[in-house]
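Structural description and commentary
One-letter residues, chain by chain:
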Amino acid sequence: MSETPSRDGTRRVALVTGAAGGLGREFAVALAARGHRVAGLDLADMSGTAELVGGGFHPLRADVTDPGEVEAAVAEAAARFGGLHIVVNNAGIYPPLEFEETALEDWRRIMRVNLDGPFLVSRAALPHLKAAGWGRIVNITSAVVFLGPPDLVAYTTSKAGLVGFTRALASAAGPYGITVNAIAPGLTRTATAARTTGADGGFERVRDLQVVRAVEEPRDVVSTLLYVCDEGSGFLTGQTINIDGGSAMH
């Protein structure tokens with residue numbers, strides 16, 4: 001896959017968490033197609049992503065909730081490609097749980113993956129982005145933040161926390177030429193969603209709540225990710241962009 005330099009002649013390096021499948025795989029492929037070199041971070045096998053991306057992809061096996069593993073993986077990505085510029089905090093879990101049946105360990109696990117993960121990855125990456133004098137951190141939250149479904153209380157709480165994290169980190173990182181934004185997809189047709197929330201007519205139920213009466217596809221989210229990461233998007237920071245076909249308008 002050919003590499004296209006940025007406007008200042010620099011080839012950007014991106015790190016995508018949860019890159020083994022779903023939206024993470026789509027993000028990795030799309031960023032590589034823009035000429036970026038991409039490192040994927042996941043506990044699952046990323047060979048399928050590597051096949052789609054080609055030679056510019058470097059898989060890193062790490063648990064986003066483990067500080068030591070995250071530090072080592074981010075350092076390896078930066079060393080492999082000579083720096084780091086784009087971080088996509090995509091890894092997350094969303095088990096549907098009735099609130100009264102949610103055990104404390106369920107709650108803590110969801111918070112560890114969905115909130116601790118982006119914190120640890122961003123903290124490890126920030127020195128590299130500062131050294132580059134340019135950066136994009138993109139946190140993948142969810143449209144449920146604006147809808148509050150009853151069976152996703154813990155998940156919704158974790159993703160709402162990620163919105164606050166995005167806003168505050170944008171203030172801290174802005175002076176260094178680094179933007180921090182969040183993208184909030186609706187229920188998107190991925191293999192994972194098809195096994196869980198989208199199963200048994202879930203995609204169609206969500207579609208019927210939207211102004212745009214179509215099932216959300218990965219390409220609908222990818223286009224926004226590329227916009228947020230673009231060289232020309234340096235004045236966009238601290239924002240949460242909702243991509244849910246008009247289920248929630250805010």
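Please refer to the structure placed before this passage.
For the structure given in this document, a descriptive report is provided here. (Residues numbered from 1 in each chain as written. Predicted model: local features only at pLDDT ≥ 70, side-chain atom pairs only at ≥ 80, totals over all residues. Heavy atoms only, no water.)

**Things to note about the overall build of the chain**
- Helix and strand counts for the chain stand at 9 helices and 7 strands.
- What you see for the chain is a C-alpha radius of gyration of 17 Å, in line with the 18 Å of a compact globule of 250 residues.
- Projected onto the principal axes, the alpha-carbon positions of the chain cover approximately 50 × 35 × 35 Å.
- Taking all 250 residues of the chain together, 48% fall into the buried category.
- Look at the contacts in the chain between residues 6 or more apart in sequence, and 70% of them connect residues 24 or more apart.
- Carbon and sulfur atoms form 53% of the exposed surface of the chain, whose accessible area is close to 11,200 Å². (Helix = DSSP H or I, 4+ residues; strand = E, 2+ residues; numbered from the N terminus. Rg over C-alpha atoms; globule rule 2.2 N^0.38 Å. Buried < 20%, exposed > 50% of the residue type's maximum accessible area, 1.4 Å probe, protein only. Contact = heavy atoms within 4.5 Å. Areas by Shrake-Rupley, 256 points an atom, 1.4 Å probe, with all protein chains shown as cover.)

**A short note on the pattern of salt bridges**
- All chains considered together, the criterion is met by 2 salt bridges.
- With a closest N to O distance of 2.9 Å, Glu231 and Arg12 form a salt bridge. With a gap of 219 residues between them, Glu231 in the loop between helix H9 (218-229) and strand S7 (240-243) and Arg12 in the segment before strand S1 (13-17) connect regions that are remote in the sequence.
- By relative accessible area, which is 22% here, Glu231 ends up partly exposed.
- With its nearest N and O atoms 2.8 Å apart, the salt bridge here joins Arg112 to Glu105. (Salt bridge = Lys/Arg side-chain N within 4 Å of Asp/Glu carboxyl O.)

**Quick word on the sheet that holds S7**
- One open sheet accounts for 7 strands, arranged S3-S2-S1-S4-S5-S6-S7; its pairing is parallel. In this open sheet, the two edge strands, each paired with only one partner strand, are strand S3 (57-61) and S7. Strand-to-strand twist in this sheet, taken as the mean axis angle between neighbours without regard to direction, amounts to 20°.
- Pairing of strand S2 (residues 37-42) with S3, which is carried by 5 bridges, proceeds in the parallel orientation. By the bridge assignment for S3, Val38 is matched with Phe57. (Pairing = 2+ DSSP bridges. Axes fitted to C-alpha atoms, helices over the stretch in contact; angles between N-to-C directions.)

**What to know about a nonpolar patch on the surface**
- A contiguous nonpolar surface patch, about 340 Å² in accessible area, is contributed by Val211, Val212 and Met249.
- As for its placement among the helices and strands, Val211 is situated in the loop between helix H8 (202-207) and H9. (Patch = residues over 30% accessible without salt bridge, like charges linked within 9 Å, V, L, I, M, F, W, Y side chains within 5 Å.)

**Considering the packing of helix H1 (residues 22-33) against H9**
- Contact pair H1 / H9: the axes reach a minimum separation of 10 Å and the direction vectors enclose 50°. The angle between H1 and H9 falls in the class oblique. Classified by chirality, the crossing of H9 by H1 is right-handed. Counted together, Leu23, Glu26, Phe27, Ala30 and Leu31 of H1 and Pro218, Val221, Val222, Leu225, Leu226 and Cys229 of H9 form the full contact between these two elements. (Parallel < 35°, antiparallel > 145°, perpendicular 65-115°, else oblique. Left-handed = near helix turned anticlockwise from the far one by under 90°.)

**Overview of the pairing of S1**
- For S1, a buried count of 5 out of 5 residues is recorded, marking the element as mostly surrounded by other parts of the structure.
- Where burial is concerned, the two faces of S1 agree: the one with Val13, Leu15 and Thr17 and the one with Ala14 and Val16 are both buried.
- Strand direction decides the pairing type here: S1 and S2, joined by 5 bridges, are parallel. Residue pairing for S2: Leu15 is matched across the bridge by Ala39.
- Since S1 and S2 lie parallel, the crossover through H1 that links them has a hand, and here it is right-handed.
- Across 3 bridges, S1 lies against strand S4 (residues 86-89) in parallel orientation. Following the sheet pairing, Leu15 is matched in S4 by Val87. (Right-handed = clockwise from strand over helix to strand, strands pointing away.)

**Observations concerning the packing of helix H3 (residues 67-81) against helix H4 (residues 104-132)**
- The contact between H3 and H4 brings their axes to 9 Å, and the two run at 35°. Crossing geometry of H3 relative to H4 is assigned as right-handed. In this structure, H3 uses Pro67, Val70, Glu71, Val74, Ala75 and Ala78 to contact H4, whose residues at the interface are Leu120, Val121, Arg123, Ala124, Ala125 and His128.
- Across the contact of H3 with H4, the residue classes break down as 9 nonpolar, 1 polar and 2 charged. (Nonpolar A, V, L, I, M, F, W, Y, C, P; charged D, E, K, R; others polar.)

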